[in-house]
2 protein chains.
Amino acid sequence: MVAVMTASKSEAAYQLVSERIVNGAYSPGYRLVLGTIADELGCSVVPVREAIRRLEAEGLVHFTRNVGATVAHVDSTLYLHTMQTLMVIEPAATALAADAMDAAWLAKARALNENMRQCLEDFDPVAFTRMNTEFHQLLYGQCPNPHILDLVQRGWRRLAAMRASSFTHIPNRARASVQEHEALLDLIGNHATPAQIEAACRDHRSNTLNAYLKAAGMAPSAI
Amino acid sequence: MVAVMTASKSEAAYQLVSERIVNGAYSPGYRLVLGTIADELGCSVVPVREAIRRLEAEGLVHFTRNVGATVAHVDSTLYLHTMQTLMVIEPAATALAADAMDAAWLAKARALNENMRQCLEDFDPVAFTRMNTEFHQLLYGQCPNPHILDLVQRGWRRLAAMRASSFTHIPNRARASVQEHEALLDLIGNHATPAQIEAACRDHRSNTLNAYLKAAGMAPSAI
DNA sequence: GTACATCAAATCGTATACGATCAGTGTGCG
DNA sequence: CGCACACTGATCGTATACGATTTGATGTAC
């Protein structure tokens, strides 16, 4: 073969299916048939199988032996569990990343948050969600602990998949969200301790989760 | 075939290699050759490959494309990262599991902790470590959030692998550990809030980590 | 003696093939 | 008419085979 193999086929299959789930092209319950995906990618089933198993480990697909894989269903419980995980992991990542947050970083984050505020004026929820994701990536992105960073990213991908399947859950939280971001950035700007940053970040997510739980008539999270 | 296929060969390979790494039979750096393991298991390389990839996702093995897999090396950084992850995940799991901790559970946990104290009198560090693992499993074991539970278990398995490779790190922490366990059980017995339980559990791990970092001449963890 | 090109062995990556297992369907019996 | 059972099609699980890639050794030129 002449072309350079930039990535393995297994990796390609993983990227493809993963992106389609996160995008919403594959809705929850969608049946992932190895042979079909293999044909589409022009490869055999072996690398596709490996990709599916990886996605299963991430919780994006549900796999039953000798039966097959389907895109994982989303319900209140899954949302609760994912949010609880992020509620402890993301603040830790942010606190650990605080060392790398200099003036330039702060300016960028503030600008992004202002853009989010503008999205509210413009009633543009799609752009708001995109920027919100970007904002949080900015927060935890420079976390020096690869395990924690990886867990945060996985959690966000699950959230993205949930949103794509029109599992909406934020009743009027957007405005408070922007304010909480601002407060968090102020803390960072004032060189607050990692513990303070962690607490603020956790409260932010806790507020979102509990707003959802309240709207859904469910009991607030124990943690 | 007459025999019931209790588990797939892929699963069997995963169990085998995983246990050997955790036991220390495979030391860090040990080369995991697909064909060799496949021969030993009496199966082909395909299921072994899948098992190795799973172990890579867990961080127990290091995998390089077209080169092969080796048991992950352990160093201070990996220990720090694993402990930081557990420092946020395990307390959350414990706090969430608190609902399921009744009087019978408490009696069992207290008995176990007393056994650990006895191990100290008998200078039996092996039994102490085993019971310590058991004690912590008791703490987080009934966590109702499967994602968090899974993460805690993975973290503990990594710690076990580190200990097996004689990466010793606890300078005289055992006695304090037993006392902290006791204080934690008192909190639970007095029906403390999840937040209090979480904080106590986190302090316990934080103390262990920082004792290590201090002994190693390293800066304390930011979180 | 060192640096570089070449080659061979080892090992991985994936295609293909076939057996194993499961869900759904039809048929016969009670 | 309803239930149990065998059958079938779809799909997965794994063995085998072969091409691709890496690594280390060997030989050669400087």
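Nothing here was measured: the structure is a model prediction, and the numbers come from that model.

Conventions used here
- Residues numbered from 1 in each chain as written.
- Chains lettered and ligands numbered in written order.
- Predicted model: local features only at pLDDT ≥ 70, side-chain atom pairs only at ≥ 80, totals over all residues.
- Heavy atoms only, no water.
- Near = heavy atom within 4 Å.
- Polar contact = N/O pair within 3.5 Å; in protein donor to acceptor, adjacent residues only side chain to side chain.
- Helix = DSSP H or I, 4+ residues; strand = E, 2+ residues; numbered from the N terminus.
- Nonpolar A, V, L, I, M, F, W, Y, C, P; charged D, E, K, R; others polar.
- Least-squares fit on C-alpha atoms with pLDDT ≥ 70 in both.
- Contact = heavy atoms within 4.5 Å.
- Pairing = 2+ DSSP bridges.
- Patch = residues over 30% accessible without salt bridge, like charges linked within 9 Å, V, L, I, M, F, W, Y side chains within 5 Å.
- Areas by Shrake-Rupley, 256 points an atom, 1.4 Å probe, with all protein chains shown as cover.
- Salt bridge = Lys/Arg side-chain N within 4 Å of Asp/Glu carboxyl O.
- Phe/Tyr/Trp six-rings, centres within 6.5 Å; stacked < 30°, edge-to-face > 60°.
- Buried < 20%, exposed > 50% of the residue type's maximum accessible area, 1.4 Å probe, protein only.
- Lys NZ or Arg CZ within 6 Å of the ring centre and 35° of its normal.
- Domains from an automatic or database assignment.
- Buried area = accessible area lost by both parts, 1.4 Å probe.

Some remarks on the protein's contact with DNA strand C
Near DNA strand C, the surroundings consist of 19 residues, among which Lys9(A), Ser44(A), Asn66(A), Arg49(B) and Asn66(B) are the closest. The sugar-phosphate share of atoms of DNA strand C within 4 Å of the protein amounts to 87%. One of the backbone N or O atoms of Lys9(A) is found 2.7 Å from a phosphate oxygen in DNA strand C. Within the backbone of Asn66(B), a nitrogen or oxygen atom sits 3.2 Å from a sugar or linking oxygen of DNA strand C. Counting only elements with at least two residues in the surface near DNA strand C, the list comes to α1 (9-23) and α3 (45-58) of chain A together with β1 (31-32) of chain B. Split by residue class, the surface near DNA strand C holds nine nonpolar, six polar and four charged.

Re the relation of the copies chain B and chain A
Expressed as a screw transformation, the operator carrying chain B onto chain A has a rotation angle of 180 degrees and an axial translation of 0.0 Å, and the superposed copies differ by an RMSD of 0.1 Å. The operation mapping one copy onto its partner corresponds to a two-fold rotation axis. In terms of proximity to the rotation axis, the leading residue of chain B is Val88(B), whose C-alpha is 3.0 Å off the axis. Both copies share a contact surface, since 100% of the interface residues of chain B are interface residues in chain A too.

Observations concerning the sheet that holds strand β2 (residues 61-64) of chain B
Each strand in a sheet pairs with another by means of backbone hydrogen bonds, the pair being arranged parallel or else antiparallel. Residue and element names in this part refer to chain B. Here three strands make up an open sheet; going across it, the order is β1-β3-β2 and the pairing antiparallel. What marks the edges here is a single partner per strand, and that holds for β1 and β2. Looking at chain direction, β1 and strand β3 (residues 68-71) are connected through two bridges and run antiparallel. By the bridge assignment, Arg-31 is partnered in β3 with Thr-70.

With respect to a nonpolar patch on the surface
Side chains of Val45(A), Val46(A), Val45(B) and Val46(B) sit close together on the surface and give an oily, nonpolar patch of about 290 Å² of accessible area. Contributing elements (two or more residues each) for the nonpolar patch: α3 of chain A together with α3 (45-58) of chain B. Residue position: Val46(A) is located in helix α3.

So, the protein's contact with DNA strand D
Taken together, 20 residues lie around DNA strand D, and Arg49(A), Asn66(A), Lys9(B), Cys43(B) and Ser44(B) are the ones closest in. Protein-proximal atoms of DNA strand D, defined as those within 4 Å of the protein, fall in sugar or phosphate at a share of 87%. With respect to DNA strand D, the backbone of Leu34(A) contributes an N or O atom lying 3.4 Å from a phosphate oxygen. Between DNA strand D and the protein, one listed contact pairs a sugar or linking oxygen with a backbone N or O atom of Asn66(A) at 3.2 Å. Taken together, the elements giving at least two residues each to the surface near DNA strand D come down to β1 (31-32) of chain A together with α1 (9-23) and α3 of chain B. Considering only residue class, the surface near DNA strand D consists of 10 nonpolar, six polar and four charged.

Let's talk about the packing of aromatic side chains
In this structure the tally under the stated criterion is four aromatic pairs over all chains. A ring pair is formed by Tyr79(A) and Tyr212(A), whose centres lie 4.7 Å apart and whose planes are at 70 degrees; its orientation type is edge-to-face. Placement of the pair is Tyr79(A) in helix α4 (residues 76-97) and Tyr212(A) in helix α9 (residues 194-215), with a sequence separation of 133 residues. The residues Tyr79(A) and Tyr212(A) share a single accessibility class, namely buried. Centre to centre, the rings of Tyr26(B) and Tyr30(B) are 4.4 Å apart; their planes meet at 10 degrees, and the pair counts as stacked. When its relative accessible area of 7% is taken as the criterion, Tyr26(B) is described as buried. Over the ring of Tyr14(A) we find Arg54(A), and its NZ or CZ is 3.8 Å from the ring centre.

Topic: the pattern of salt bridges
Inspection of every chain in the model, using the stated rule, returns 28 salt bridges over all chains. Of the charged contacts in the structure, one is a salt bridge between Glu50(A) and Arg49(B), with a shortest N-O distance of 2.9 Å. Placement of the pair is Glu50(A) in helix α3 and Arg49(B) in helix α3, with the two residues belonging to separate chains. Note on Glu50(A): relative accessible area 8%, which makes it buried. Taking the shortest distance from any N to any O, the salt bridge between Arg53(B) and Glu50(A) comes out at 2.9 Å. Here Arg53(B) is found in helix α3, whereas its partner Glu50(A) is found in helix α3 on a different chain. In this pair, the class of Arg53(B) matches that of Glu50(A), namely buried. Several salt bridges converge on common partners, so that one network encompasses Arg49(A), Arg53(A), Glu56(A) and Glu50(B).

Some thoughts on the pairing of strand β2 (residues 61-64) of chain A
The two faces of a sheet get side chains in turn, since along a regular strand they alternate between them. All names here are of chain A. A one-sided burial pattern is seen for β2, the buried positions being Val-61 and Phe-63 and the unburied ones His-62 and Thr-64. Pairing of β2 with strand β3 (residues 68-71), which is carried by four bridges, proceeds in the antiparallel orientation. Looking at the pairing, Phe-63 lines up with Ala-69 of β3. Counting the residues that bridge the hairpin from β2 to β3 gives three residues, and of these Asn-66 lies at a positive phi of roughly 65 degrees.

Description of the domain arrangement of chain A
Residue and element names in this part refer to chain A. Entries for chain A in the domain assignment read domain 1 (9-71) and domain 2 (76-215). Placing a centre on the C-alpha atoms of domain 1 and another on those of domain 2 gives a separation of 28 Å. Opposite the 12 residues of domain 1 that make contact, domain 2 presents seven residues. Contact between domain 1 and domain 2 buries roughly 700 Å² in total, counting both sides, with carbon and sulfur atoms accounting for 56%. Of all residues in domain 1, the largest losses of buried area upon contact with domain 2 belong to Val-22, Glu-58 and Leu-60, amounting jointly to 58% of the total for that side. At the surface where domain 1 touches domain 2, the tally comes to one salt bridge. Ionic pairing is found between Glu-58 and Arg-157, a salt bridge with its closest N-O pair at 2.7 Å.

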